[in-house]
Amino acid sequence: MTTTVVYERRGAGEPLILLHGIGHHWRAWSPVLDRLAAAHDVIAVDLPGFGASPLPAAGAPATMAEAVAGIAEFIEDLGIERPHVAGNSLGGAIALELAAAGVAASATALCPAGFCSRRELRWAISVLAAHRLATRLPEPVLRTVLRSSLVRSMSYGMICAHPDRLTPEEALVDALALRGGRAFAAVARAGRGYAFQGAPTVPVTVAWSTGDRVLPYRQAAVARRILPNARHVDLPGCGHVPMRDNPELVADTILSTTSAHSH
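Small disclaimer: the values here were computed from a predicted structure and weren't measured.

Student: Explain the overall build of the protein chain to me, please; I cannot follow it from the model alone.
Tutor: Helix and strand counts for the protein chain come out as eleven helices and seven strands. The globule rule puts the C-alpha radius of gyration for 263 residues at 18 Å, and the 17 Å found for the protein chain is close to it. Evaluated residue by residue, the protein chain yields a buried proportion of 54% over its 263 residues. The long-range fraction of contacts in the protein chain, counting pairs at least 24 apart against all pairs at least 6 apart in sequence, stands at 76%. By element, 55% of the accessible surface of the protein chain is carried by carbon and sulfur atoms, the whole surface being about 11000 Å². Between the averaged position of the 24 positive side-chain charges in the protein chain and that of its 22 negative side-chain charges there is a distance of 9 Å.

The following block contains the structure:
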């Protein structure tokens, strides 16, 4: 593969690829990693142009199809056939597309992109872009202000239902990942007209946080209509990144999807 993809790998068993949202990084999955790694060979990815993964040589993907193709190629390069995939937000959309393309054995999509109106998508991107703007402070200043639980709650209240649970270090690492996401603008542009239209035949779970303030819970109804054969689950009391808010529920949701498929 021409693109370098940085990833964290733990555990043993059937492979499970984890895909984060726009502006995030593989550490988004830290709260559930060990639980998932008890059952699977888990590969948590920094998507190209995010986290520690550099931009592809040809530049950031211009379409969702290109983003999906890049991850499919990464999976092939690992020598893995039809892994389970789980993703959040942008990563949730990619997971569903991989399932629809026959690349994945199962897919769990947490608050996925692809089920919102254009106006809702503009809202989601504007929320994340505003967060990104706020990370432009010098790193020592960011480090200092994020020591305040009030600042952490104000900074991450749109993203998590329980921002108070973020440690100052976790908040800083997330802020730096958002600031350093070189593919942010291009991926946001590429997603502008995107809507999920696939029809996966493998086990699929769409899990939506009832407290999602980025891609609001009402979009779950659209997902139910477009994916009538999928399992649809509510994640009560969770925000847009539910792995932080309820790691046990999220891990159980993913594991019940992967166990629905037997090779």
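Student: Would you explain the pattern of salt bridges in this entry?
Tutor: Side chains that carry opposite charge are capable of pairing whenever their charged atoms lie near each other. Counting across every chain of the model gives ten salt bridges. Its salt-bridge partner being Arg10, residue Glu8 comes within 3.0 Å of it at the nearest N-O pair. The exposure class of Glu8 is partly exposed, given its relative accessible area of 23%. We note a salt bridge from Asp174 to Arg244, for which the minimum N-O separation is 3.1 Å. Here Arg244 lies in helix H10 (residues 242-245) and Asp174 lies in helix H7 (residues 168-180), a separation of 70 residues in the sequence.

Student: Looking at this model, I keep getting lost on empty space enclosed by the protein. Mind explaining?
Tutor: To find leftover empty space, one rolls a probe the size of a water molecule over the atoms. Within the structure shown, the criterion is met by one cavity of 30 Å³ or more. One number sums up the size of the largest cavity: a volume of about 260 Å³. Every residue lining the largest cavity is counted, 21 residues in all, and those nearest its centre are Leu90, Ala113, Leu121, Ile125 and Gly191. Contributing elements (two or more residues each) for the lining of the largest cavity: helix H2 (64-77), helix H4 (118-134) and helix H8 (184-190). With four residues, the top contributor of residues to the lining of the largest cavity is H4.

Student: Please explain helix H9 (residues 219-226) as it appears in this structure.
Tutor: All of the buried residues in H9 are Gln219, Ala220 and Ala223. Taken around the axis of H9, the buried residues stretch over an arc of 105°, which confines them to a single face. Against H4, strand S6 (204-209) and strand S7 (231-235) lie the buried residues of H9.

Student: Is there a simple way to explain helix H1 (residues 30-37) in this structure?
Tutor: Of the residues making up H1, those classed as buried are Val32, Leu33, Leu36 and Ala37. For H1, the buried positions fall inside an angular range of 130° around the axis, keeping them on one side.

About the cut-offs
Residues numbered from 1 in each chain as written. Predicted model: local features only at pLDDT ≥ 70, side-chain atom pairs only at ≥ 80, totals over all residues. Heavy atoms only, no water. Helix = DSSP H or I, 4+ residues; strand = E, 2+ residues; numbered from the N terminus. Rg over C-alpha atoms; globule rule 2.2 N^0.38 Å. Buried < 20%, exposed > 50% of the residue type's maximum accessible area, 1.4 Å probe, protein only. Contact = heavy atoms within 4.5 Å. Areas by Shrake-Rupley, 256 points an atom, 1.4 Å probe, with all protein chains shown as cover. Lys, Arg positive; Asp, Glu negative; His and termini not counted. Charge placed at Lys NZ, Arg CZ, Asp CG, Glu CD. Salt bridge = Lys/Arg side-chain N within 4 Å of Asp/Glu carboxyl O. 1 Å grid on protein atoms, 1.4 Å probe; cavity = no way out; pocket = protein on both sides within 12 Å on 5 of 7 lines; lining within 4 Å. Points joined across faces, edges and corners; volume = space filled by probe spheres on them. Arc of directions from axis to C-beta.

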